[in-house]
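The chain contents come next:
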Amino acid sequence: MTKTNEGRFFEDYAVGQVIRHAVPRTVKMGERALYHALYPARHALYSSDQFAQACGLPFSPLDDMIAFHVIFGKTVPDVSLNAVANLGYAEGRWVTPVWPGDTLRSESEVIGLKQNSNGKTGVVWVRTRGLNQHDELVMEYVRWVMVRKRDADAAAPEAVVPELKTVLSIDDLAIPRGLDFTDYDFELAGEPHRWGDYAIGEKIDHVDGVTIEEAEHMMATRLWQNTAKVHFDATFRPDGQRLIYGGHVISMARALSFNGLANAQMIVGLNGGAHANPCFSGTTVRAWSEVLDKAETSAPGVGAVRLRLVATSAGGSMELKGEDGKYLSHVLLDLDYWALMPV
Amino acid sequence: MTKTNEGRFFEDYAVGQVIRHAVPRTVKMGERALYHALYPARHALYSSDQFAQACGLPFSPLDDMIAFHVIFGKTVPDVSLNAVANLGYAEGRWVTPVWPGDTLRSESEVIGLKQNSNGKTGVVWVRTRGLNQHDELVMEYVRWVMVRKRDADAAAPEAVVPELKTVLSIDDLAIPRGLDFTDYDFELAGEPHRWGDYAIGEKIDHVDGVTIEEAEHMMATRLWQNTAKVHFDATFRPDGQRLIYGGHVISMARALSFNGLANAQMIVGLNGGAHANPCFSGTTVRAWSEVLDKAETSAPGVGAVRLRLVATSAGGSMELKGEDGKYLSHVLLDLDYWALMPV
Amino acid sequence: MTKTNEGRFFEDYAVGQVIRHAVPRTVKMGERALYHALYPARHALYSSDQFAQACGLPFSPLDDMIAFHVIFGKTVPDVSLNAVANLGYAEGRWVTPVWPGDTLRSESEVIGLKQNSNGKTGVVWVRTRGLNQHDELVMEYVRWVMVRKRDADAAAPEAVVPELKTVLSIDDLAIPRGLDFTDYDFELAGEPHRWGDYAIGEKIDHVDGVTIEEAEHMMATRLWQNTAKVHFDATFRPDGQRLIYGGHVISMARALSFNGLANAQMIVGLNGGAHANPCFSGTTVRAWSEVLDKAETSAPGVGAVRLRLVATSAGGSMELKGEDGKYLSHVLLDLDYWALMPV
């Protein structure tokens, strides 16, 4: 019985510890095809080799969120199997595109620990790095989770709370080598709106909605080799529902945001994010975005736009929080990211 | 709010106008694998590189209906987002096979316009062409749809109703370069019946049935980047049902027709088609075919057969229409196409 | 009506007869991606080209069970369309790995026939061989099924019951050329347990569970071009349920067994197996294993372990059979196989 992985408890982490996560994964066009079957993804750079080449890339990379999901999925058995809650993300950076045939692996460094006052749980901060077969950094992000203690009587470790940027600056972002939007084809991309057409504070209702099915979120979550029981096993929760992987909601909302943000081609930075409410099968997911900031970049024709992406269940308003400062019940996701767009 | 696509209304079309549709798409073996997971497709030419090579092709192309779906999907945001009804197809021709790695894009020319007498809607005829990355014509077809007017008081355009062939002649059909059925392996293909064994007027009940699931039709429809809300959003229709993309029913019926038509290998012409009744999740789809015509071709060992393919919901008879000339309620699809078969 | 395949009846088989099954199939990385979306498969050798190369292989082969499913699927129209029951497997051997781009086909030799005393059915034994495009043996196995007679009055054939090994010996197993576990990376593979850590008689509860959906088992079963109506057509059984393909349960249980058997990398022998009870959508599948035997091999660093893999529906105990010697109702699968593991 002891050969199975029971996951790590709060006492099993130490600041400075590096965890090399298991099961490297070679990803190719099959993963791309499935991504496009599971989400209404239409950003042209991730759809067409010729479009990507016209933008200075050797060919079309795998979607930025595929990189995130694969790298994240590997951390689950070591980081979040006993997690009570996924508390936040910060300092997410996409550094090297993922090309078909690349093999991804992940490692996480523990950068913070703080026992909660109840003595039963604690918060663990990890910085996760995804590497390809050339040991190049593909992406990295910080995540913090609340983890159960194995033994409530175990002594608390010294509290270390990392200082994290609330927003990445434009200099923190990596622009893919060669990216050039000078000859960008707005007609093929699907919308005429360029970087200059977006104003800080502008909100965009993405209009479309998708009603989520069990088979779809499970296929997605499995494809990223995410092993959290709660997504797959209907007997795990007392209510018999399978909790949908938060990343499924991110990808769904990002894909829906094509309608109004078709030219926000590549995600390069993740400033923060909250899974505001759990999502279950049968929910119709909608999305809206808010332009939070804009910046110029050194790449030809390439601007950066900082966006808030909000996923909601159908029928909800574009209000985020109530008077008590808490997310309203229809808000599923509140994500803060940087994307690249033709100027 | 104005950055999202509201779709075109009847007034937005003019005869002669060419619409270059957005989001080109590179398709490879991942799309093939998904096609074979979503439909019980077994035609050997689209299943095995070696079988295709024995038929004179360089390797196995992507299924003919993948070409149709990808090319069709791109037209939806420009042609049918505000469509009230999909009225018909004509003059569909598969010209160049799609090879793994090809990138497809679509453009449509408006070839007809006619306002309806109610003044609220009109009929738009478009000829859609799918092109690959070499600018070769992959396939083309005419489709006509009923589209809402934005403003009921807008003046009616001059009515232009195109003359369309009700049936393509054998000379209209393109045979893939190199196709040769002289050494065709009937045993590996799955059935002994050759072109000469089929009689005009013969009907074939394809026996098998598939009960359709929400997750499957949505994955298929998304894979072709078809954005019509009614297929994905359960809150869109008052009855809470998601309408199944008509192309899903076509592919399902075509795949079911293997049982009795295993040697009708390649679809090369679409004479016409009607989505006779809407299809919803939970329906068990069955199919039957009728041999409408036969023709010889100039390619070695290759004959052409014109088929009516009818999809029905389970329990229905092989009757098509009632005394009032309308399709019976169990008929989902009535398609008229040309396929190539070994003589 | 007579052009469709009605399947073979007991009278249609003769000992010595070789049936060449239809529809060869080229499999690539799309099938791999779908396999990993449909099952929580994490064995590193089938996930990463680099991991496979570190184990002496040219790159990562397609999962061993993909080979089985594709080869098995082709036999269904000729062997089990009129089968009343799938009675057993024996002498299954994986001989040559399947590489992306390989084309698989199947042929079966009838090696046994025995009419049942009721005169209405009989047992047919076939040895099925799967071959690749180089005519190399990919895998083979013996299966026996109970098949209906077309005509109850037809004379019984001479009974021939083949002698089959109940267990393959280590010398019967093929080790993939080049396989070398000397530099095996246990950390990347996901668990520290090596061959020497497993004791004969040891039982492992694999802990995790997956609740099965209709869309998922149908997509899997279609992907292998398995045509048995009962898996797809909800109108086929009086109770309106679709029976889940037994191979879906095998792959699910095998993938779940990663948790505790992460280093049982490759399946090389199938000693026997029983689909103890039917499985339907909504069932939460769990798995446990028992170490039945161990053996050394001649390949560097490679040991073999004989395992019993049991799939159960959630809530069931680790008991297999009742006092009457029959499988308990919660047991779905009882499989006996050999796998390769680092010593």
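Since we're looking at a predicted model, the values are computed, not measured. (Residues numbered from 1 in each chain as written. Chains lettered and ligands numbered in written order. Predicted model: local features only at pLDDT ≥ 70, side-chain atom pairs only at ≥ 80, totals over all residues. Heavy atoms only, no water.)

Caption draft 1: Fine view of the overall build of chain A. Within chain A one finds seven helices and 12 strands. Projected onto the principal axes, the alpha-carbon positions of chain A cover approximately 65 × 45 × 35 Å. Buried positions account for 64% of the 343 residues belonging to chain A. Sequence separation of 24 or more characterises 78% of the internal contacts of chain A that already satisfy a separation of 6 or more. Carbon and sulfur atoms form 49% of the exposed surface of chain A, whose accessible area is close to 11400 Å². The positive charge centre, built from 33 side chains, and the negative charge centre, built from 43, are 6 Å apart in chain A. (Helix = DSSP H or I, 4+ residues; strand = E, 2+ residues; numbered from the N terminus. Buried < 20%, exposed > 50% of the residue type's maximum accessible area, 1.4 Å probe, protein only. Contact = heavy atoms within 4.5 Å. Areas by Shrake-Rupley, 256 points an atom, 1.4 Å probe, with all protein chains shown as cover. Lys, Arg positive; Asp, Glu negative; His and termini not counted. Charge placed at Lys NZ, Arg CZ, Asp CG, Glu CD.)

Caption draft 2: Structural detail: the interface of chain A and chain C. Across the boundary between the two partners, chain A contributes 32 residues, which contact 48 residues of chain C. The tally of links from chain A across to chain C stands at seven salt bridges. One salt bridge connects Asp 185 of chain C with Arg 20 of chain A, and the closest N-O pair in it is separated by 2.6 Å. At the boundary of chain A and chain C, one finds 24 residue pairs in polar contact (both at pLDDT 80 or more). For the side of chain A that touches chain C, the secondary structure elements donating two or more residues are strand S2 (25–26), helix H1 (29–38) and helix H5 (214–223) of chain A. It is H5 of chain A that contributes the most residues to the side of chain A that touches chain C, six residues altogether. Classifying every residue of the side of chain A that touches chain C by side-chain character gives 12 nonpolar, 10 polar and 10 charged. (Salt bridge = Lys/Arg side-chain N within 4 Å of Asp/Glu carboxyl O. Polar contact = N/O pair within 3.5 Å; in protein donor to acceptor, adjacent residues only side chain to side chain. Nonpolar A, V, L, I, M, F, W, Y, C, P; charged D, E, K, R; others polar.)

Caption draft 3: Representation of the packing of aromatic side chains. One pass over the structure, following the stated rule, counts 36 aromatic pairs over all chains. On the basis of an interplanar angle of 35 degrees and a centroid distance of 5.6 Å, the ring pair of Phe 68 of chain B and Phe 72 of chain B is categorised as tilted. With Phe 68 of chain B and Phe 72 of chain B both in helix H3 (residues 64–79), this residue pair falls four residues apart, about one helical turn. Among the aromatic residues, ring-to-ring pairing joins Phe 68, Phe 72, Tyr 89, Tyr 141 and Tyr 245 of chain A into one connected group. For the cation-ring pair, Lys 321 of chain A lies above Tyr 327 of chain A, with the distance from its terminal atom to the ring centre recorded as 4.7 Å. For the cation-ring pair, Lys 3 of chain C lies above Tyr 198 of chain B, with the distance from its terminal atom to the ring centre recorded as 4.4 Å. (Phe/Tyr/Trp six-rings, centres within 6.5 Å; stacked < 30°, edge-to-face > 60°. Lys NZ or Arg CZ within 6 Å of the ring centre and 35° of its normal.)

Caption draft 4: Local environment of the nonpolar core. Counting residues in each nonpolar core, the largest one holds 186 residues, and the members touching the most others are Phe 68 of chain A, Leu 34 and Phe 68 of chain B together with Phe 68 of chain C. If you count residues domain by domain, this core takes at least three from each of domain 1 (1–27 + 62–162) and domain 2 (180–343) of chain A. If we skip the residues at most four places from it in the chain, Phe 68 of chain A touches Tyr 89, Trp 94, Met 139, Tyr 141, Tyr 245 and Leu 270 of chain A. (Core = buried A, V, L, I, M, F, W, Y, C linked by side-chain atoms within 4.5 Å. Domains from an automatic or database assignment.)

Caption draft 5: Representation of the pairing of strand S12 (residues 331–342) of chain C in the model. All names here are of chain C. Counting buried residues in S12 gives 12 out of 12 residues, a clear majority hidden from the surface. Inspection of the sheet shows strand S9 (residues 266–274) paired to S12 by seven bridges, in the antiparallel sense. Counterpart to Gly 272 in the pairing with S12 is Asp 336. In this structure, strand S11 (residues 302–313) lies alongside S12, joined through 11 bridges in antiparallel fashion. Bridge assignment links Gly 303 to a residue of S12, and that residue is Met 341. (Pairing = 2+ DSSP bridges.)

Caption draft 6: The interface of chain C and chain B, seen in detail. In this complex, chain C contributes 32 residues to the contact, which on the side of chain B involves 48 residues. When chain C packs against chain B, the two sides together hide about 3400 Å² of surface, and 55% of this comes from carbon and sulfur. Taken together, chain C and chain B are joined by seven salt bridges. Contributions of two or more residues to the side of chain C that touches chain B are made by strand S2 (25–26), helix H1 (29–38) and helix H5 (214–223) of chain C. Of all the elements, H5 of chain C adds the most residues to the side of chain C that touches chain B, at six residues. (Buried area = accessible area lost by both parts, 1.4 Å probe.)

Caption draft 7: Spotlight on the packing of H1 of chain C against H5 of chain C. Residues and elements named next belong to chain C. In contact at an axis separation of 10 Å, H1 and H5 are set at 155 degrees when each is read in the N-to-C sense. Between H1 and H5, the crossing angle belongs to the class labelled roughly antiparallel. Seen along the crossing, H1 lies across H5 with a hand that is left-handed. For the pair H1 and H5, contact is made by Glu 31, Leu 34 and Leu 38 and by Glu 216, Met 219, Ala 220 and Leu 223, respectively. (Axes fitted to C-alpha atoms, helices over the stretch in contact; angles between N-to-C directions. Parallel < 35°, antiparallel > 145°, perpendicular 65-115°, else oblique. Left-handed = near helix turned anticlockwise from the far one by under 90°.)

Caption draft 8: A look at the domain arrangement of chain A. Residue and element names in this part refer to chain A. Structurally, chain A comprises domain 1 (1–27 + 62–162) and domain 2 (180–343). With centres defined by C-alpha atoms, the gap from domain 1 to domain 2 works out at 22 Å. Listed by partner, the interface residues are 22 residues for domain 1 and 22 residues for domain 2. If you sort the residues of domain 1 by the area they bury against domain 2, His 69, Tyr 89 and Trp 94 come out on top, with a joint share of 33%. Here domain 1 is connected to domain 2 by zero salt bridges. There are nine residue pairs in polar contact (both at pLDDT 80 or more) connecting domain 1 and domain 2. Looking at the side of domain 1 that touches domain 2, the elements with two or more residues in it are helix H3 (64–79) and strand S3 (83–94). Ranked by residues supplied to the side of domain 1 that touches domain 2, first place goes to H3 with 11 residues. Across the side of domain 1 that touches domain 2, the residue classes tally to 12 nonpolar, five polar and five charged.

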